[in-house]
Amino acid sequence: MHDVKAVRADPAGFDAALARRKMAPVSPVLLAVDERRRVALAAAQEAQARRNALAKEIGQGRRSGADTAPLEAEATGLREAMGAMEAEAAAAEAEQARILEALPNLLDASVPEGADEADNIVLRQHGAIPNLPFTPRQHFELGEALGLMDFGAAAKLAGSRFTVLRGALARLERALGQWMLTLHTDAHGFTEISPPLLVNRETMYGTGQLPKFEDDLFQTTDGRFLIPTAEVPLTNLVAGEIIPELPLRFTALTPCFRAEAGSAGRDVRGMLRQHQFAKVEMVAICRPEDSAAEHERMTACAEAVLTALGLVWRRVLLCSGDTGFAAAKTYDLEVWLPGQGAWREISSCSNCLDFQARRMGARYRPEGQKGTAFVHTLNGSGVAVGRALIAVLETHQQEDGSIALPEVLRPWMGMATIPAR
């Protein structure tokens, strides 16, 4: 959410910032609505002041025996007019909110210009793409050959874009999530949270999922929503609060639910794009002056996961055309999948500045200053469990179809290798 005062102070600058997201100017419409609101409020305040003065005149007139009927008639007319003025102000305020809530965050100056993911910038790469002495298989080929990944059973139970994992692969999914959660709490200083998986409309609004992305959400019959990411409940823990100590760092391992409304025909094979998946999420709440460093820290925490799993990965800075609605700046982490012969996103770490905090009303008290200020919020996946499972299978596959497990997972798995069938 944006501050209309900032738009009023520099409308051309605001429109230029939105133009980086290929958006038409909005300041003329927004400021016209804002002027309507301000004029109506000023008229209502002026009318109220006149009513207060009339009340004194009427009281004095009655005490002196004067005819107060004209004054009383004027007061009655002002009361009725004020109702219309207040209704006009409320309507203009609601229209202003509808305009503002649909606008994306403004991009950080370091975000490169670009139309889509093809214009993203690779910042660095960890590890070399392997040259395997055999033709690598994709994760679903490996999983089905092991007899441990069952898409037919999932389709019978729930339809497309679901997976049933059995035996060692079910255990691998559990091991990945538990190991990553432990790493972030014990080594990276995040506080573990077990949040609700169902949240209300206000919570979805606070992080920017509503109203823009309603078609991508699963809604229950009582008006709640299944979370698309734990970012939603974790960030909203500070909604409406004045936070006494910063930074706050939260992490959670949760199922996530996405309708994937706009992904028809994409990644229809395998586990890459599912309606239900597990993810370890990281959220940070900090002072504005600390958010750039916090962004680097959070991304490094996700990178540590990928390195420990023995994956080849790279950090990518998203361009203006590929940066998400609520983010001012985003790093994607991509892993090399030998079976696909392609880089695929496995984590996305974003700095949202005060965009979400304004929607949520999350503040802190700056030291040495009067009043409060909005915090900055950040979120990142640390990492998506299903995609980590895919990457482990494809990266550590052996020619016979077995999977050599990364060292860090062996205590959780009770084995060093998932044997071929």
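Quantities reported herein were computed from a predicted structural model and do not represent experimental measurements. (Residues numbered from 1 in each chain as written. Predicted model: local features only at pLDDT ≥ 70, side-chain atom pairs only at ≥ 80, totals over all residues. Heavy atoms only, no water.)

Peer 1: Just checking my understanding: could you explain the domain arrangement of the protein chain for this structure?
Peer 2: Where interface size is given, it is often the accessible area lost as the parts come together that is meant. Along its sequence, the protein chain is organised into domain 1 (4–102) and domain 2 (117–418). Just the C-alpha atoms count here: the centres of domain 1 and domain 2 sit 45 Å apart. Both sides of the domain 1 and domain 2 interface together cover about 530 Å² of buried area, and 38% of this is carbon and sulfur. Of all residues in domain 1, Arg20, Arg21 and Glu101 give up the largest surface area on contact with domain 2, accounting jointly for 84% of the area buried on that side. Scanning the region where domain 1 abuts domain 2 turns up six residue pairs in polar contact (both at pLDDT 80 or more). Across the side of domain 1 that touches domain 2, the residue classes tally to one nonpolar, no polar and three charged. (Domains from an automatic or database assignment. Buried area = accessible area lost by both parts, 1.4 Å probe. Polar contact = N/O pair within 3.5 Å; in protein donor to acceptor, adjacent residues only side chain to side chain. Nonpolar A, V, L, I, M, F, W, Y, C, P; charged D, E, K, R; others polar.)

Peer 1: Where do I start with the UniProt feature "binding site: L-serine" (unreviewed entry) in the protein chain in this structure?
Peer 2: When the UniProt feature table is mapped onto this chain numbering, "binding site: L-serine" (unreviewed entry) sits at Thr229, Ala230, Glu231, Arg258, Glu281, Asn379 and Ser381. Residue placement: glutamate 231 occurs in helix α9 (residues 231–235). A residue is classified by how much of its surface remains accessible, and glutamate 231, at 9% relative accessible area, is buried. Sequence-distant contacts of glutamate 231, that is, excluding residues within four places in its chain, are made with Thr207, Gln209, Glu281, Val283, Gln356 and Asn379. On the basis of relative accessibility, which here comes to 8%, the residue serine 381 falls in the buried class. Aside from chain neighbours lying at most four places away, what touches serine 381 is Lys279, Val280, Glu281, Met282, Ala302, Ile346, Ser347 and Ser348. (UniProt positions renumbered as here; feature names shortened; annotations may be inferred. Helix = DSSP H or I, 4+ residues; strand = E, 2+ residues; numbered from the N terminus. Buried < 20%, exposed > 50% of the residue type's maximum accessible area, 1.4 Å probe, protein only. Contact = heavy atoms within 4.5 Å.)

Peer 1: Would you mind going over the sheet that holds strand β14 (residues 373–374) with me for this structure?
Peer 2: If you trace the three strands from one edge of the open sheet to the other, you get β7-β13-β14, paired in mixed fashion. Each end of this open sheet is capped by a strand with a single partner; those strands are β7 (242–243) and β14. (Pairing = 2+ DSSP bridges.)

Peer 1: Help me understand the packing of aromatic side chains in this model?
Peer 2: Each aromatic ring pair is described using two quantities: the centre-to-centre distance and the angle formed by the ring planes. Inspection of the entire model under this criterion finds three aromatic pairs. Look at phenylalanine 213 and phenylalanine 325: their rings are 5.8 Å apart centre to centre, the planes differ by 85 degrees, and that puts the pair in the edge-to-face class. Taken together, the residues span a long stretch of sequence, with phenylalanine 213 in the loop between α8 (201–206) and β6 (225–226) and phenylalanine 325 in the loop between β10 (313–317) and β11 (329–337) at a distance of 112 residues. On the basis of relative accessible area, phenylalanine 325 is assigned to the buried category, the value being 10%. Taken together, a centroid distance of 5.5 Å and an interplanar angle of 70 degrees make the contact between tryptophan 336 and tryptophan 343 edge-to-face. Grouping residues by exposure puts tryptophan 336 and tryptophan 343 together as buried. One aromatic cluster is present, formed by Phe213, Phe325 and Phe355 through successive ring pairs. Sitting over the face of the ring of tyrosine 331, arginine 315 holds its NZ or CZ atom 4.5 Å from the ring centroid. The aromatic ring of phenylalanine 374 is capped on one face by arginine 363, whose charged end is 4.1 Å from the ring centroid. (Phe/Tyr/Trp six-rings, centres within 6.5 Å; stacked < 30°, edge-to-face > 60°. Lys NZ or Arg CZ within 6 Å of the ring centre and 35° of its normal.)

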